[in-house]
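# Notes for the structure review
If you want the building blocks of each chain, they are given just below.
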Amino acid sequence: AGACWVRRGARLYDLSSFVRHHPGGEQLLRARAGQDISADLDGPPHRHSANARRWLEQYYVGELRGEQQVSRAGAPTPTQASVSLPLPGEPRSLAL
């Protein structure tokens with residue numbers, strides 16, 4: 001079904017292995033792939049628990065860094081970005 005990466009602020013999460021287990025359903029997460037989920041975690045309609053937020057951290061993959069511009073809706077959108085992955089050895093980054 002493909003990768004499902006989301007971000008919360010600058011923090012990136014790979015939820016690909018979790019989407020089938022999400023209590024709200026797989027489609028709910030897939031619809032948010034590539035987006036900032038900060039507002040979704042804080043509700044409404046559902047405010048996620050502290051436990052759910054801790055659970056999210058096991059899917060953390062890195063930080064988003066780069067220039068941002070404001071979209072027509074007023075939300076920041078990345079224009080040029082890279083992902084710094086916390087891997088052993090030399091730091092790696094992926095251009096997005």
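Residues numbered from 1 in each chain as written. Predicted model: local features only at pLDDT ≥ 70, side-chain atom pairs only at ≥ 80, totals over all residues. Heavy atoms only, no water.

### Re the packing of aromatic side chains
All told, the structure shown has two aromatic pairs when counted by the stated rule. Ring plane angle 40° and centroid distance 5.6 Å describe the contact between phenylalanine 18 and tyrosine 59, whose orientation is recorded as tilted. Of this pair, phenylalanine 18 sits in the loop between β2 (11-14) and α1 (26-30) while tyrosine 59 sits in the loop between α3 (50-56) and β3 (60-70); the two residues are 41 residues apart in sequence, bridging distant segments of the chain. Since its relative accessible area comes to 13%, phenylalanine 18 is described here as buried. The exposure class of tyrosine 59 is buried, given its relative accessible area of 14%. Seen from the ring of tyrosine 60, arginine 11 lies directly overhead, with NZ or CZ sitting 3.9 Å from the centre. (Phe/Tyr/Trp six-rings, centres within 6.5 Å; stacked < 30°, edge-to-face > 60°. Helix = DSSP H or I, 4+ residues; strand = E, 2+ residues; numbered from the N terminus. Buried < 20%, exposed > 50% of the residue type's maximum accessible area, 1.4 Å probe, protein only. Lys NZ or Arg CZ within 6 Å of the ring centre and 35° of its normal.)

### Topic: the side chain of arginine 7
Positionally, arginine 7 belongs in strand β1 (residues 5-8). We classify arginine 7 as buried; its relative accessible area is 11%. Only 2.8 Å separates the side chain of arginine 7 from the backbone oxygen of glycine 9, close enough to count as a polar contact. (Polar contact = N/O pair within 3.5 Å; in protein donor to acceptor, adjacent residues only side chain to side chain.)

### Comments concerning the nonpolar core
In terms of nonpolar packing, the biggest core is built from 11 residues, these being Cys4, Val6, Tyr13, Leu15, Phe18, Val19, Leu29, Ile37, Leu41, Leu56 and Tyr59. Sequence-distant contacts of leucine 29, defined by excluding residues within four places in its chain, comprise Cys4, Leu15, Phe18, Val19 and His22. (Core = buried A, V, L, I, M, F, W, Y, C linked by side-chain atoms within 4.5 Å. Contact = heavy atoms within 4.5 Å.)

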